Amino acid sequence: MTKFSELNLNPKVLKAIDEAGYESPTPIQAGAIPPALEGRDVLGIAQTGTGKTASFTLPMITLLARGRARARMPRSLVLCPTRELAAQVAENFDTYTKHLKLTKALLIGGVSFKEQDKLIDKGVDVLIATPGRLLDHFERGKLLLTGVQIMVVDEADRMLDMGFIPDIERIFSLTPFTRQTLFFSATMAPEIERITNTFLSAPERVEVARQATTSETIEQGVLMFKATRRDREGTEKRKMLRALIDAEGEKCTNAIIFCNRKTDVDVVAKSLKKYGYDAAPIHGDLDQSQRTRTLDGFREGTLRFLCASDVAARGLDVPSVSHVFNYDVPSHAEDYVHRIGRTGRAGRDGKAIMICVPRDEKNLEDIERLVQSEIPRLENPLGVAETAPAAKADEKPAEEKPKRSRSRSRKRDDAPSEPPAVVEEATNTPETPPARAPQPQKDKPRSHSRGGRNRSGRNDREQITVVGLGDHTPEFIGLSFKERSTG
Ligand code: AMP
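Residues numbered from 1 in each chain as written. Predicted model: local features only at pLDDT ≥ 70, side-chain atom pairs only at ≥ 80, totals over all residues. Heavy atoms only, no water.

**Details of the overall build of the protein chain**
Quick reminder of the rule: To qualify as a helix, a DSSP run of H or I must reach at least 4 residues; to qualify as a strand, a run of E must reach at least 2; elements of each kind are numbered from the N terminus. When accessible area is computed with a 1.4 Å probe and restricted to protein chains, residues below 20% of their type maximum are described as buried, those above 50% as exposed, and intermediate ones as partly exposed. Every residue pair with non-hydrogen atoms within 4.5 Å of one another is taken to be in contact. Reported accessibility uses the Shrake-Rupley method at a 1.4 Å probe radius. Residues are deemed covered only where the shown protein chains occlude them.
Along the protein chain, the regular secondary structure elements total 17 helices and 13 strands. Of all 487 residues assigned to the protein chain, the portion counted as buried reaches 54%. Nonlocal contacts in the protein chain, meaning residues at least 24 apart in sequence, comprise 77% of its contacts between residues at least 6 apart. Total accessible area computed for the protein chain in this model is approximately 21,600 Å², and 49% of it derives from carbon and sulfur atoms.

Structural data, given as structure tokens:
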């Protein structure tokens, strides 16, 4: 096995690696560092969790250790699709440069231009940025990219999903033709292939995991779920989510709960909170300070449940996430791989549980085709009889304040901007409290902004899946006989 000491890294970088506790390079590091140090372009095909950040930061630092930064002309550039990922890369730089005098600036939205301008004016060795913010600075005439010797594109496939490819192309064209490019993507979509063919020069291709493979340390399961009524789907799904969490008991030390839509991220987080679970949302519509606070809390273990959108959570490195819950089946099969890759990191065990409603079955099929295996079907933790919410038992969720009937009042102390769906959940559609008492709520109230996207207008498919008993159960067992009395 390769050792870090064999990789020709700067001794001060080696010291920092040693202090970080890394014993040996991961495969992407062993594959990418040597060609990067030789000044060659690298095309790294690797998922997050493989150690890919260090695979480009370590050689960059080694190469940049010689030379000095000039005002407004960063010597290297790292482009990341999201602020969180950029901040994480910046943290990596801090860790590995602790014994060197390299300067860096982080250009991300939500941070004042003034502070960022000041740093750039002084001159930085490493500029870490999201594409939009970088171009904003460039257009304001505060930045020159002609001094960039090394350019990194991280998570290129996510850049593609987010529509950043034209920005990336523009940024490439603003940097010198002679630059070295280190380009990373978890998958190689045709558009990514095109970019790499255009902007990389005879790259060393380093591929550490086949496209869309899932880690063997992650136990997976999917619960096939059909709501008793379409208009109850949200309420019943949230109830199911709580039951799935409770069923995991203490094994679930912390979890990321993924939703497809930002509005659902808010609603699910708020609902969990209301039921006494320590949860907070993270998605692109929340302000940066709130996102940072939430993430820090999750990383430090003071927040147990992080409700997230794909974009916000992409690439986040929290080493010990015991569970991932997919509240929705992701509509891009590859997102499933990314989502569940948040758990089972660094050889630890993890569990990934997904809820699949009938209209998502097609997406589930796509995922299973991609990962080339069937995701085991889970038993309904509530049992079939309980799938329909009890009509009469209008019980209060844990720690919820008494509610006044159908009042539209959303001005609760702990939920200043509660989305309507949650209000309805507590008033119109009673939910049975969880079988097991959830952990006491610890976190402080946070304000939540509302996401703006509409729900998908797709119709349910005709096929009926009866939860908990597999596909062989007669249809009538899934029907509720109580519906009419509920109003
Ligand atoms: P990444 O894929 O860059 O998000 O890295 C995933 C995690 O692996 C991070 O927590 C890194 O600190 C950690 N890591 C990176 N390289 C190594 C290594 N050689 N040995 C152990 N852990 C590592």
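Here the narrative resumes.
**As for the site of the ligand**
Quick reminder of the rule: Whether a residue is near a molecule or strand depends on its heavy atoms: if one lies within 4 Å, it is near. A 3.5 Å cut-off defines polar contacts: any pair of N or O atoms within that distance qualifies, except that in protein one atom must be a possible hydrogen donor and the other a possible acceptor, and neighbouring residues in sequence count only when both atoms are side-chain atoms.
Close to the ligand lie 14 residues, the nearest being Tyr22, Gln29, Gly49, Thr53 and Asp317. Contact distances for the ligand include 2.5 Å between an oxygen atom and a side-chain N or O atom of tyrosine 22. In the environment of the ligand, a nitrogen atom lies 2.9 Å from a nitrogen or oxygen atom belonging to the backbone of serine 24. Protein coverage of the free-state accessible area of the ligand, which is 490 Å², stands at 79%.

**Structural notes on helix H5 (residues 113-122)**
The following threshold applies: The arc in question is the one traced by the directions running from the helix axis out to the C-beta atoms.
Gln116, Asp117 and Ile120 are the residues of H5 that are buried. For H5, the angular spread of buried residues about the axis comes to 100 degrees, placing them on one side. Relative to its buried face, H5 has exposed residues pointing more than 90 degrees away, namely Lys114 and Lys122. Each element contacted by the buried residues of H5 is listed here: strand E3 (104-107), strand E4 (126-129) and helix H6 (131-139).

**Overview of unusual backbone geometry**
Non-glycine residue arginine 72 carries a positive phi angle of around 60 degrees. Within the secondary structure, arginine 72 is located in the loop between helix H3 (52-64) and strand E2 (76-79). You can call arginine 72 partly exposed: its relative accessible area is 33%. In the Ramachandran plot, glutamate 155 falls in the positive-phi region, its phi being about 55 degrees despite a non-glycine side chain. Along the polypeptide, glutamate 155 turns up in the loop between strand E5 (150-153) and helix H7 (156-161). Overall, glutamate 155 belongs to the buried group, its relative accessible area being 2%.

**A few points about helix H12 (residues 288-300)**
Note the following rule: To estimate the expected span of a helix, subtract one from its residue number and multiply by 1.5 Å.
Helix length check: H12, at 13 residues, gives a terminal C-alpha distance of 18 Å against a target of 18 Å (1.5 Å per residue), a fit within 8%. Among all positions of H12, only Gln288, Gln290, Arg291, Thr294, Leu295, Gly297 and Phe298 are buried. Those residues of H12 that are buried lie in contact with helix H4 (83-96), strand E9 (255-258), strand E10 (279-282) and strand E11 (305-308). Trailing H12 by a residue or two, glycine 301 shows a phi angle of about 90 degrees, which is positive.

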